[in-house]
Structure formats: C-alpha cells, structure tokens
Amino acid sequence: NPFPEAVMAIGQSLLPEFDHEMANTRKTLERVPDDKFGWTPHAKSFPMGKLATHLANLPNWTNVTIDMDEFDMAPEGVQVKTPECHSQKELLEAFDANVAKARKAIEGITDERIFQPWSLLAGGQKLFSMPRIAVLRSFVMNHIIHHRAQLGVYLRLNDIPVPSIYGPSADEQM
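This one's a predicted model, so the numbers in the text were calculated from it and none came from an experiment.

Here we take up helix H4 (residues 88-108). Taking 1.5 Å per residue as the helical rise, H4 with its 21 residues ought to reach 30 Å, and the 30 Å between its terminal C-alpha atoms agrees with that figure. All of the buried residues along H4 are Leu-91, Leu-92, Ala-94, Phe-95, Asn-98, Val-99, Ala-102, Ala-105 and Ile-106. In a view along the axis of H4, the buried residues occupy a sector of 160°, so they form one face of it. The exposed set on the far side of H4, more than 90 degrees from its buried face, consists of Lys-89, Lys-104 and Gly-108.

Take Thr-53: it is sitting in helix H2 (residues 48-57). When near neighbours in sequence (up to four residues on either side) are disregarded, Thr-53 contacts Pro-83, Glu-84, Cys-85 and Leu-91.

Turning next to the sheet that holds strand S2 (residues 117-122). The mixed open sheet is built from three strands, whose spatial order is S1-S2-S3. Two strands lie at the open edges of the sheet, namely strand S1 (70-72) and strand S3 (125-131), each paired on one side alone. Sheet twist, expressed as the average angle between the axes of neighbouring strands with direction ignored, equals 15°. Taken together, the six bridges between S2 and S3 define a ladder with antiparallel strand orientation.

Pairing between side chains of opposite charge can happen when the charged atoms of each approach one another. Under the counting rule described, the total for this entry stands at 11 salt bridges. In this structure, Arg-113 engages Asp-69 in a salt bridge whose closest nitrogen and oxygen atoms are separated by 3.5 Å. Here Arg-113, found in helix H5 (residues 111-114), pairs with Asp-69, found in the loop between helix H3 (60-67) and S1; they are 44 residues apart in sequence, far enough to count as distant. Because the salt bridges share partners, they merge into one network encompassing Asp-19, Arg-103 and Glu-107.

Right, let's get into helix H1 (residues 10-29). The end-to-end C-alpha distance of H1, which contains 20 residues, comes to 28 Å, matching closely the 28 Å that a straight helix rising 1.5 Å per residue would cover. The sharpest bend along H1 measures roughly 30° and falls at Pro-16. Residues of H1 that are buried make contact with H2, H3, H4, H5 and helix H6 (132-157).

Our focus in this paragraph is the packing of H2 against H4. With their axes 8 Å apart at the nearest point, H2 and H4 run at an angle of 20° to one another. By the angle class used here, H2 and H4 are roughly parallel. Every residue of H4 that contacts H2 at Ala-52, Thr-53, Leu-55, Ala-56 and Asn-57 is listed here: Leu-91, Ala-94, Phe-95 and Asn-98. Here the residues of the contact of H2 with H4 sort into six nonpolar, three polar and no charged.

Rules and cut-offs
Residues numbered from 1 in each chain as written. Predicted model: local features only at pLDDT ≥ 70, side-chain atom pairs only at ≥ 80, totals over all residues. Heavy atoms only, no water. Helix = DSSP H or I, 4+ residues; strand = E, 2+ residues; numbered from the N terminus. Expected span 1.5 Å × (residues − 1). Buried < 20%, exposed > 50% of the residue type's maximum accessible area, 1.4 Å probe, protein only. Arc of directions from axis to C-beta. Contact = heavy atoms within 4.5 Å. Pairing = 2+ DSSP bridges. Axes fitted to C-alpha atoms, helices over the stretch in contact; angles between N-to-C directions. Salt bridge = Lys/Arg side-chain N within 4 Å of Asp/Glu carboxyl O. Bend = angle between axes of the 7 residues up to and from the residue. Parallel < 35°, antiparallel > 145°, perpendicular 65-115°, else oblique. Nonpolar A, V, L, I, M, F, W, Y, C, P; charged D, E, K, R; others polar.

As structure tokens, then:
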C-alpha cells in the first residue's frame, strides 16, 4: 500500500503554510512605526496604520469562515467595524491574538467541514458562496499576502527596511 494508514487532515496540512505566512506577516508589521500611521502613498490609498490594522485583523476571518456558515459584512446596510489599532504595540497584540485563535480553528477543522459551503453577505444579499477551503485560501491567506506586499511597498517608500519574505530583500540578506 503506497498510502499511509493515517492520512493527514486538510486543516493540519494547511498549518505549515499558515505558520510561515503569519511569521512573515508579523515581521512586516513589526516594521510599522507609530509616527507613520497617517502616511499614505496616494489619495486613493489607505494610510499605513489603517492598512496595517486591516492586516492585523485579517487572520480573524479564519474563525469567521470556520465557525460560521455565513457572514453579513453589512447587516441592515451598516458596515461591520473591525477593531482599530493606533500603535505598533496594538498592531502586534491584535495580530498575535488573531493568529492564535485562527491557528486553533485550523487545527480543529474536519475535512467534512472544510469542504462545506460558506457564504459572504452584504445587507442580507449573498455575494458568493464557496467551500470553506477556497475561502481560507483566497479570502484569508491570499488576502493577507496581498496586503502584506502592499505594506512592504509602504515601508520601502519610507526608507524603512523591508524584511526578507520568500528570499532576501534589498535590505536583508539571508
């Protein structure tokens, strides 16, 4: 038999990638200085602090995805507010707490549940529905990676050393 008797659950198989991406995200958040929270590269862009706060809160979407069958991001037309961070210390505290809760949820999800549909709503209207595994990969992991890259550009534009992520950066040789 070429297959082991005990097959790893899909949630368990996500943990090494999750841990790697969260460690790299934390390295990026550690670089955000308190005095640059209001800095923005363009009028259409988030200020650095708002972008970093969004990034610190995104791991919580893991729990929303795993623990709920659907989430309405604007019940009765009112956008759900996420906690705000006003300093690097608050960013890291929020991020660490969200990552710990998210990791625990991933550790505990069954293969049956990971393939069940999850839906995003706005004002009671369904925007989409897809299997939880697709939501975890796209709207959680890829979303975090996307905004982490944006934050890396913000750091570069402020002459703040960019951390190495998948290899050396111009500021850090491995």
